[in-house]
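Next come the chains, spelled out residue by residue.
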Amino acid sequence: MKRLTVTEKLAQNKYELDDGHPHIVVHNEVCEAECKIRACLFVCPAEVYSEQNGKIVADWAGCLECGTCTVACPPQTLHWEYPRGGFGIIYRYG
C-alpha cells in the first residue's frame, strides 16, 4: 500500500463554498499598524494568505479551518469564524 504525502492527502479534501460569505476577513489597517512580521504568511498550513501590493489577502476558499492564523495574528487583524452550516472543508482522508 502506497503511503500518501500530506499534500496528496490534502488534495483529496472537498470544499463547499459559500459564495458571497467569506469566513475570513483581513483588516489591513489594523494589520499594518499592529503586525510587523506578517505571521499569517508563514503559519497557515493551507497557504491561504498572500501579500499583494503591500496588503494581506486571504483566499478563504482553501481554508482548512484550523484557526492557526487566529493564534498567530494580533487581535482585531482578522475576522475569522467557521463557515455557515453545510459549507467549508469536508475532510476525505484521516
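Attention here is on the structure that accompanies the text. This structure is a prediction, so every number in the text was calculated from the model and none was measured.

Tracing the backbone shows P22 in the loop between β1 (14–16) and β2 (24–26). For the pair P22 and C44, spaced 22 residues apart in sequence, the C-alpha separation works out to 17 Å.

Turning next to the side chain of E65. If you trace the backbone, E65 turns up in the loop between β4 (55–58) and α4 (68–72). Of the side chains with opposite charge, R84 lies nearest to the buried E65, which makes no salt bridge, at 12 Å. A polar side-chain atom of E65 sits 2.9 Å from the main-chain amide nitrogen of I89. Residues in contact with E65, not counting those within four places in the same chain, are H23, W80, Y82, P83, F87, G88 and I89.

This paragraph deals with unusual backbone geometry. Residues other than glycine seldom take positive phi values, yet E47 does so here, at roughly 55 degrees. Of note, E47 is situated in the loop between α3 (40–43) and β3 (49–52). Although it is not a glycine, Q76 adopts a positive phi angle of roughly 75 degrees. Given the relative accessible area of 62%, Q76 is considered exposed.

The subject of this paragraph is the pairing of β4. By the alternation rule, side chains of β4 split into I56 and A58, which are all buried, and K55 and V57, of which none is buried. Where β3 lies against β4, four bridges are found, and the strand directions are antiparallel. Bridging from a neighbouring strand, Y49 pairs with A58 of β4. As consecutive antiparallel partners, β3 and β4 are separated by two residues, and within that stretch N53 has a phi angle of approximately 55 degrees, a positive value.

About the criteria used
- Residues numbered from 1 in each chain as written.
- Predicted model: local features only at pLDDT ≥ 70, side-chain atom pairs only at ≥ 80, totals over all residues.
- Heavy atoms only, no water.
- Helix = DSSP H or I, 4+ residues; strand = E, 2+ residues; numbered from the N terminus.
- Buried < 20%, exposed > 50% of the residue type's maximum accessible area, 1.4 Å probe, protein only.
- Lys, Arg positive; Asp, Glu negative; His and termini not counted.
- Salt bridge = Lys/Arg side-chain N within 4 Å of Asp/Glu carboxyl O.
- Polar contact = N/O pair within 3.5 Å; in protein donor to acceptor, adjacent residues only side chain to side chain.
- Contact = heavy atoms within 4.5 Å.
- Pairing = 2+ DSSP bridges.

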